[in-house]
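Structural description and commentary
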Amino acid sequence: MKHRWLWTCLCSSACLWASMGLPAQAAAPTSQDALRTEAVQLARSSQYDKALTIFKQLEAQGDHSINFWADYLTVLAWAGKNQEVVDLAAQQFGTTLDPLPDYTLLAIARAYSNLGELSQSDRVYALLDKRGNKTASQLYAAQLELEQALDAMGRKNYVEAEAHFSRAKQEAPATEKNFARDVDARRAALYVKNGEPGRAIHILQPYAEKKQITPHMFSDYLLALRLEKQQKKAIQAYRAYPGDPEAELPAYGLQTMGDIYLREQEFRKAHTLYLSALKKNNLLYARLSDAYALARLGKKKEALTQYRQVLEESKYSPKIENLVASDGATYLHAGDLHLARQVFGLLGKTPAEKEQYQLQYGLELVHANGDLYDPVLNFQRDQALDGRDYHKEARKVLNPLGASADTEISLAARSALTQNELDQGRFATADKRVKALIDEDNDAAPVLSVSAKNDARRERNLSVWATSSMDNKRNHETDLGLEASGYVGGNLTATVGYGHSTLQDGTLNASYSHQYTGLTGQFAWGSAGLFYDHYTNGLKDGWHGALGYDLSDVSSLAVSAGRRPHDAAGAVRHHITENYRTLSWNVLPAPRWSLTLSGEQADLSDDNKYWSLGLSGHYALGGRHNYFDTLPFAIGRSHYDHRSDVYDSPDRSLYYSAGWSRHWLQKNQDRTWAWTNMLGGGHDNDERNGFSPSTRVEMVQNLPAHQKLRLAAQYNWYFHQDPNAAWNRRNNGYQFELGYEIGW
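Residues numbered from 1 in each chain as written. Predicted model: local features only at pLDDT ≥ 70, side-chain atom pairs only at ≥ 80, totals over all residues. Heavy atoms only, no water.

**Here's the deal with the overall build of the protein chain**
For the protein chain, the helix and strand inventory stands at 28 helices and 17 strands. Against the 2.2 N^0.38 benchmark of 27 Å for 744 residues, the protein chain shows a C-alpha radius of gyration of 37 Å, more extended than a compact globule. Dimensions along the principal axes, computed over C-alpha positions, put the protein chain at roughly 120 × 75 × 50 Å. Counting only residues that meet the buried cut, the protein chain has 47% of its 744 residues in that class. Within the protein chain, contacts between residues separated by at least 24 positions form 53% of all contacts whose residues are at least 6 apart in sequence. Per element, the accessible surface of the protein chain, about 35,700 Å² overall, is 54% carbon and sulfur. Side chains of the protein chain carry 81 positive and 87 negative charges; the gap between the two charge centres is 3 Å. (Helix = DSSP H or I, 4+ residues; strand = E, 2+ residues; numbered from the N terminus. Rg over C-alpha atoms; globule rule 2.2 N^0.38 Å. Buried < 20%, exposed > 50% of the residue type's maximum accessible area, 1.4 Å probe, protein only. Contact = heavy atoms within 4.5 Å. Areas by Shrake-Rupley, 256 points an atom, 1.4 Å probe, with all protein chains shown as cover. Lys, Arg positive; Asp, Glu negative; His and termini not counted. Charge placed at Lys NZ, Arg CZ, Asp CG, Glu CD.)

**Description of the pairing of strand β12 (residues 653-666)**
Bridging between strand β11 (residues 627-640) and β12 involves ten bridges; their strand directions are antiparallel. From the neighbouring strand, Y627 faces β12, where its bridge partner is W664. Examined bridge by bridge, β12 and strand β13 (residues 671-684) share 14 bridges and lie antiparallel to one another. The residue bridging S653 from the neighbouring strand is D684, located in β13. Taking the residues between adjacent antiparallel strands as the criterion, β12 and β13 are bridged by four residues, where D670 takes a positive phi near 55°. (Pairing = 2+ DSSP bridges.)

**So, the environment of G518**
Tracing the backbone through its elements, the reader meets G518 in strand β4 (residues 508-523). By relative accessible area, G518 is classed as buried at 12%. Note: C-alpha distance between G518 and M153 (365 residues apart in sequence) is 73 Å. Each residue touching G518, except ones within four places of it in the same chain, is listed here: T493, A494, T495, L530 and F531.

**Describing unusual backbone geometry**
Of all residues except glycine, most have a negative phi; of all peptide bonds, most are trans. Despite not being glycine, K156 shows a phi value in the positive range, around 60°. Assignment of secondary structure puts K156 in the loop between α8 (134-154) and α9 (158-171). Of note in the backbone geometry, N491 takes a positive phi value of approximately 60° without being a glycine. With respect to the helices, strands and loops of the structure, N491 is situated in the loop between β2 (475-489) and β3 (492-505). Looking at N491, the relative accessible area reads 10%, which means it is buried.

**Concerning the packing of aromatic side chains**
The tally for this structure, following the rule as stated, stands at 26 aromatic pairs. With centroids separated by 5.1 Å and ring planes inclined at 80°, the aromatic side chains of F427 and Y487 adopt a geometry described as edge-to-face. With F427 in helix α25 (residues 427-440) and Y487 in strand β2, the pair connects residues that are 60 residues apart, well separated along the chain. For the pair F427 and Y487, a shared accessibility class is recorded, and that class is buried. One aromatic cluster is present, built from ring pairs that chain together F55, F68, W69 and Y72. Here the guanidinium or amino end of R564 rests over the ring plane of Y580, the centre of that ring lying 3.7 Å away. Geometry around Y627 places R662 over its ring, the cationic atom sitting 4.1 Å from the centre. (Phe/Tyr/Trp six-rings, centres within 6.5 Å; stacked < 30°, edge-to-face > 60°. Lys NZ or Arg CZ within 6 Å of the ring centre and 35° of its normal.)

**A look at the environment of G570**
Looking at where G570 falls in the secondary structure, it is placed in helix α27 (residues 569-573). In sequence terms G570 and D645 are 75 residues apart; their C-alpha atoms lie 8.6 Å from each other. Beyond its immediate stretch of four places on either side in the chain, G570 contacts L508 and V646.

**Quick word on helix α24 (residues 407-423)**
If you check α24, its first and last C-alpha atoms are 24 Å apart, about what 17 residues at 1.5 Å a residue would give, namely 24 Å. Extensive coverage of α24 is indicated by the burial of 13 of its 17 residues. In this structure D406 caps α24, since a side-chain oxygen of it lies 3.0 Å from the backbone nitrogen of E408. Once α24 finishes, G425 follows within two positions and takes phi at roughly 85°, a positive value. (Expected span 1.5 Å × (residues − 1). Polar contact = N/O pair within 3.5 Å; in protein donor to acceptor, adjacent residues only side chain to side chain.)

**Description of the pattern of salt bridges**
Tallied over the entire structure, the rule returns 38 salt bridges. K473 is the partner of D684 in a salt bridge, and the nearest nitrogen-oxygen pair spans 2.3 Å. Taken together, the residues D684 in strand β13 and K473 in the loop between β1 (460-470) and β2 connect sequence positions 211 residues apart. Neither residue differs from the other here; D684 and K473 are each classed as buried. Across the pair K609 and D603 runs a salt bridge whose closest N-O atoms are separated by 2.9 Å. The network of salt bridges with common partners includes D33, R36, D63 and D71. (Salt bridge = Lys/Arg side-chain N within 4 Å of Asp/Glu carboxyl O.)

**A look at a nonpolar patch on the surface**
Taken together, the side chains of F523, W525, L547, Y549, L551, V559, L583, W585, L597, L615, I635 and Y656 make up a nonpolar region of the molecular surface, amounting to roughly 1,000 Å² of accessible area. When contributions to the nonpolar patch are tallied by element, the ones reaching two or more residues are β6 (542-552) and β8 (577-587). It is β6 that contributes the most residues to the nonpolar patch, three residues altogether. The residue L551 is located in strand β6 in this model. (Patch = residues over 30% accessible without salt bridge, like charges linked within 9 Å, V, L, I, M, F, W, Y side chains within 5 Å.)

**Considering the packing of helix α10 (residues 179-193) against helix α11 (residues 197-209)**
Packed helix pairs are specified by the crossing angle of their axes together with the interaxial distance, meaning the distance between the axes. As a packed pair, α10 and α11 sit with axes 7 Å apart at the nearest point and diverge in direction by 155°. Between α10 and α11, the angle falls in the class roughly antiparallel. Here α10 runs over α11; the crossing is left-handed. In this structure, α10 uses A180, R181, D184, R187, A188, Y191 and V192 to contact α11, whose residues at the interface are P197, R199, A200, I203, L204 and Y207. Its residues assigned to classes, the contact of α10 with α11 comprises nine nonpolar, no polar and four charged. (Axes fitted to C-alpha atoms, helices over the stretch in contact; angles between N-to-C directions. Parallel < 35°, antiparallel > 145°, perpendicular 65-115°, else oblique. Left-handed = near helix turned anticlockwise from the far one by under 90°. Nonpolar A, V, L, I, M, F, W, Y, C, P; charged D, E, K, R; others polar.)

**Here's the deal with the side chain of T256**
Positionally, T256 belongs in helix α15 (residues 251-263). A distance of 2.8 Å separates a polar side-chain atom of T256 from the backbone oxygen of Y252. Those residues in contact with T256 that lie beyond four places of it in its chain are L222, L223 and R226.

**Concerning the pairing of β13**
Two strands pair when backbone bridges link them, and β13 and strand β15 (residues 694-703) are joined in this way by eight bridges, in the antiparallel orientation. The partner of W673 across the bridge, within β15, is M699. Of the pairings in the sheet, the one linking β13 to strand β14 (residues 690-691) comprises two bridges and is antiparallel in character. Residue G682 lies in a different strand from β14, and its bridge partner there is G690. Once β13 ends, the chain turns through five residues before running back antiparallel as β14, passing N685 with a positive phi of about 50°.

Structural data, given as structure tokens:
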């Protein structure tokens, strides 16, 4: 990044000539003189664009006087347009700059210096020295010190550089009030370039606080703050900027501030700044960042247009394509499969390149839930994905690549497909694929990677749990459980479990034990399981089966059926069981949204019937740093055909709730917390509507060797209960949960 020095001492032509000890023009001022004076006044107030527009008009009108060129070149220098200064001077005067006054020669000398053309700068300073200009001689001496400082900075000898910077300031004439500021601007810019943004902040912060900072210095200050990850401080400084930052800051300064807002997830502000930057300069990386901001604002069509333009302008540069691919992977981690698919579809100019990027897309799909080697990134990704995976999309993308004529792509694709099977728990299929890959090439990196992961897979799991709850109807239930599962071959897992339940309804108590065993199979389309259930305390044995079918990577069906005790103390005491059937549809209709529509129907052994319907889900507000917020909600209705005297069986029951939930990570302890607050209500039959807020805290502690501990506590309040039923109801309730699991 080239840092531009700005002139801050500028007068009208007559005043400038007089200040050099030369006579002003004797002739009466013309309309061109008046316009030129107006342009100088505008430049004095930092309105460079308007001033330069007037100079261009005067040039077009034929004003080619020495006064005109002197002022024009000086204002260009003041505006920081160093290249235009030297180009215009060379065009109009060649190497003979003698006609120009000293103040313009100083502007040209500085422009050459700022561009790093030190030999040209020395030539102009020598001309000034020959004229006997004391100010120029002092500036020349300061310039020599400055050049030595720059040389030392290039060698990263900061002690030597600082000594020369200090002497350069001392050598400068007193009339050059902004020389020290300009030197500090150069110092700070070089420290940023050398990877020392902290030093740059130390130099520039006093100028920012005193509001004596130039637009380019301020842009460097913002860049240094961004590099030091001091986004909050940068935002405060930007808001305190004395002028209009969008009008005054150069394009790279606006881009830097856009990047800061982007990091803070203030995408709308970032987009506004990128637009302002792009109006001043077509910065490729500003457009690329703007595409990301647009995507996060939900403007996906505009984002894809920006991505396409960036790729075309870069002529499909591999560096730019890799950055676009990185954005695509980010959208996958955020759960936006559709956008990620479209972004990866833009990549690659030739068929071979397109195939390579489709392979990268397939690998990102397979590893979407993999370790990102940063606990915070893993946490944010897991919260955003909300349990989803991309097994189907991975097969769709990788299967054709497995037949590629490019042997490396083919092998990598088939290795990724094997990893996909492994992640889905289809161990028999994975074993078969790994063997075939090793027989083909046992030295290839993708083969070695998936083979190692297959050898290290966890095939067994043990979990124990305990829960206790009480509701407003005095239903008190305590459950204890133990379950063990293990892979037995053929993509099948065997499970055995034991549970004990104690139920209380007021003064009525009942309990029973439950043993179950069964098999679960993993298939390309989902899973299926069948279990036998044995119950004690005179209850009839039962069974249950479950089937999960993946309609797509964002939609699935779950079906279950079986026979079990009806979940109520009175029902267990009277040995009442139910033949039940459930159906649920889970869909992720859009990024951030998760919806589950569920239904259940049961035939009870006392000839009663029961059904329920419910809709639940949440909207993800998103997160920053180590926390993630959602808005959960639920609504449901249930019905019994007739009322029973031994268990609660309302003709109709309605409930609804909505609230706010925050998950956060304690990175150093590898612990996650969730705090959920709900406002709910509901009623049975013709009772008046009740109000039941609740709060819940849950902690999950990850332990070494694939162990996990879970604790949860919930407290419920019940208000505005129906007076005809309130005499037998509680005004509060609770739920406690404890769980532990280990896999190996």
